[in-house]
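Residues per chain, in single letters:
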Amino acid sequence: MSTPTQRAVAELLREVTGEDEAWRAGVGPATRLDGDLFLDSLEVAALGARLAAVYGPGVDLAGYLAGLSFEALLELDLAALASYVDSSGGTI
């Protein structure tokens, strides 16, 4: 089961990738941004901008990613990203 933040972040991912609703249905808490979705740098930048626009400037995706190890970047999943958004005080 996913949380409201996980569902909202998954929808933002769908928007920045330009995918359809069927694609969104396949994205869950364990979906990895790199290993499963293969997001490119432009999509990550667009996601960061959308997260800040929706949740506020306290949600700094670039800063968050910069603090992760290479292995953690590869394993970053939707649940961890949503947890970061929640812990940053992001609210819709």
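Below, the structure is looked at part by part. (Residues numbered from 1 in each chain as written. Predicted model: local features only at pLDDT ≥ 70, side-chain atom pairs only at ≥ 80, totals over all residues. Heavy atoms only, no water.)

### Quick look at the side chain of R24
Phase 1 of the analysis: As for its position among the elements, R24 is in helix α2 (residues 21–25).
Phase 2 of the analysis: E11 is the oppositely charged side chain nearest to the buried, salt-bridge-free R24, at an N-O distance of 4.7 Å.
Phase 3 of the analysis: For R24, the contacting residues outside a window of four places in its chain are R7, A10, E11 and R14. (Helix = DSSP H or I, 4+ residues; strand = E, 2+ residues; numbered from the N terminus. Buried < 20%, exposed > 50% of the residue type's maximum accessible area, 1.4 Å probe, protein only. Lys, Arg positive; Asp, Glu negative; His and termini not counted. Salt bridge = Lys/Arg side-chain N within 4 Å of Asp/Glu carboxyl O. Contact = heavy atoms within 4.5 Å.)

### As for the packing of aromatic side chains
Phase 1 of the analysis: Applying the stated criterion to the full structure yields 1 aromatic pair.
Phase 2 of the analysis: On the numbers, 4.2 Å between centres and 15° between planes, the contact of Y64 with Y84 is stacked. In this pair, Y64 is assigned in helix α4 (residues 61–66) and Y84 in helix α6 (residues 78–87), connecting sequence segments 20 residues apart. (Phe/Tyr/Trp six-rings, centres within 6.5 Å; stacked < 30°, edge-to-face > 60°.)

### Looking at the pattern of salt bridges
Phase 1 of the analysis: Under the definition given, this model contains 5 salt bridges.
Phase 2 of the analysis: Two residues, E11 and R14, come together in a salt bridge whose shortest N-O distance is 2.7 Å. Highlighted residues: E11 and R14, both in helix α1 (residues 4–17), separated by 3 residues, approximately one helical turn.
Phase 3 of the analysis: On the basis of relative accessible area, R14 is assigned to the buried category, the value being 17%.
Phase 4 of the analysis: Across the salt bridge formed by R32 and D36, the nearest N and O atoms sit 3.1 Å from each other.
Phase 5 of the analysis: Here the salt bridges share partners, and the residues they tie into one network are E11, R14 and E21.

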